[in-house]
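Each chain is listed here by its residues.
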Amino acid sequence: NTFVYTSIALVLQLVLGMLIALLLDSDRKGYGLLRAMMTLPLVIPPAVTAMMFLLMLNGSFGVIARGIIATGLLPAGFSILGDAQTAMAGVLLAEVWQWTPFMVLIMLAGLRSLPKEPFEAAAIDGATSMQAFFKLTLPMMSKVIAIAVLIRGIDLFRAFDYVKVMTDSGPGTATETLTSYAGRIYFGNADFPYASTIALLTLIIVILVSSVFMKVFKVKL
């Protein structure tokens, strides 16, 4: 669950972050305000965000759940967070909504720092926008993307707030992650040594994966 949660959230946040950053990479009037508004989700405590989505995904009165039910994709009264097949998607929705702006801001900073000359030369040579993106933007943004992935990946691997508030690792253990499992063992069973071992194992995994990632992508912090 931890690896699935981290992988899916990371991919979605990275793709959406880059797409939104490309849209906001403009000096036209009003775009500065839009860029500033991207920070708003980041100032909300994760537990509050989780509670917001817990209510919006409620099958009886939640605006998101009722909207999906109205399209006929889900049966009436269906509980997204109460079903083992959809609970993880519900938790990921809150995670992606809150932290995609973080990716947007990092990608936007990278895009705004790129030199203009290579793009002007590519335009003169007849390169399309898509060719310029894949041949110029992505290669020049590789270090920025790697740092963003590293920072978000570490944070996602220790996800706890959303899981605890929205599903409490349920239904059953459908959304249980390493950190939520450690929390349940610590606070529920008062098994401090075992919970500490799980927490230490999580730290070791994060350090090993981060070290390999930094070595492979030559990331320097």
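Here the structure is shown first, and the text comes after it.
Residues numbered from 1 in each chain as written. Predicted model: local features only at pLDDT ≥ 70, side-chain atom pairs only at ≥ 80, totals over all residues. Heavy atoms only, no water.

Caption draft 1: Broad picture of the overall build of the chain. A tally of regular secondary structure across the chain gives eleven helices and zero strands. Along its sequence from the N terminus, the chain presents helices and strands in the succession α-α-α-α-α-α-α-α-α-α-α. In terms of overall dimensions, the chain has a C-alpha envelope of 65 × 45 × 25 Å along the principal axes. Expressed as a percentage of its 221 residues, the buried residues of the chain come to 38%. Taking the intrachain contacts of the chain between residues at least 6 apart in sequence as the baseline, contacts between residues at least 24 apart amount to 69%. Here the chain holds 15 positive side-chain charges and 12 negative ones, and the gap between their average locations is 5 Å. (Helix = DSSP H or I, 4+ residues; strand = E, 2+ residues; numbered from the N terminus. Buried < 20%, exposed > 50% of the residue type's maximum accessible area, 1.4 Å probe, protein only. Contact = heavy atoms within 4.5 Å. Lys, Arg positive; Asp, Glu negative; His and termini not counted. Charge placed at Lys NZ, Arg CZ, Asp CG, Glu CD.)

Caption draft 2: Highlighting the packing of aromatic side chains. One pass over the structure, following the stated rule, counts eight aromatic pairs. Aromatic side chains Tyr 186 and Phe 192 sit 4.9 Å apart centroid to centroid with 55° between the ring planes, which places their arrangement in the tilted category. Residue Phe 192 is classed as partly exposed on the basis of its relative accessible area, which comes to 42%. (Phe/Tyr/Trp six-rings, centres within 6.5 Å; stacked < 30°, edge-to-face > 60°.)

Caption draft 3: Fine view of helix 11 (residues 192-216). A rise of 1.5 Å per residue sets the reference length of helix 11, with its 25 residues, at 36 Å; its end C-alpha atoms lie 36 Å apart and thus fit the reference within 8%. Structurally, helix 11 contributes buried residues whose contacts are with helix 8 (142-157) and helix 10 (178-188). Trailing helix 11 by a residue or two, Lys 218 shows a phi angle of about 55°, which is positive. (Expected span 1.5 Å × (residues − 1).)

Caption draft 4: How the structure looks around the pattern of salt bridges. One pass over the full model with this rule turns up seven salt bridges. Here Glu 176 ties to Arg 184 by a salt bridge, and the two come within 2.8 Å at their closest N and O atoms. Assessed through its relative accessible area of 12%, Glu 176 is described here as buried. (Salt bridge = Lys/Arg side-chain N within 4 Å of Asp/Glu carboxyl O.)

Caption draft 5: Helix 3 (residues 46-56), seen in detail. Considered for burial, the residues of helix 3 that qualify are Thr 49, Ala 50 and Phe 53. Relative to the axis of helix 3, the buried residues are bounded by an arc of 100° and lie together on one face. Looking at the packing, one finds that the buried side of helix 3 touches helix 4 (63-70), helix 5 (87-112) and helix 9 (161-166). (Arc of directions from axis to C-beta.)

Caption draft 6: Structural context of a nonpolar patch on the surface. A cluster of nonpolar side chains, namely Val 4, Ile 8, Val 11, Leu 12, Val 15, Leu 16, Leu 19 and Leu 22, defines an oily patch on the protein surface of about 620 Å² accessible area. Residue position: Val 11 is located in helix 1 (residues 2-24). (Patch = residues over 30% accessible without salt bridge, like charges linked within 9 Å, V, L, I, M, F, W, Y side chains within 5 Å. Areas by Shrake-Rupley, 256 points an atom, 1.4 Å probe, with all protein chains shown as cover.)

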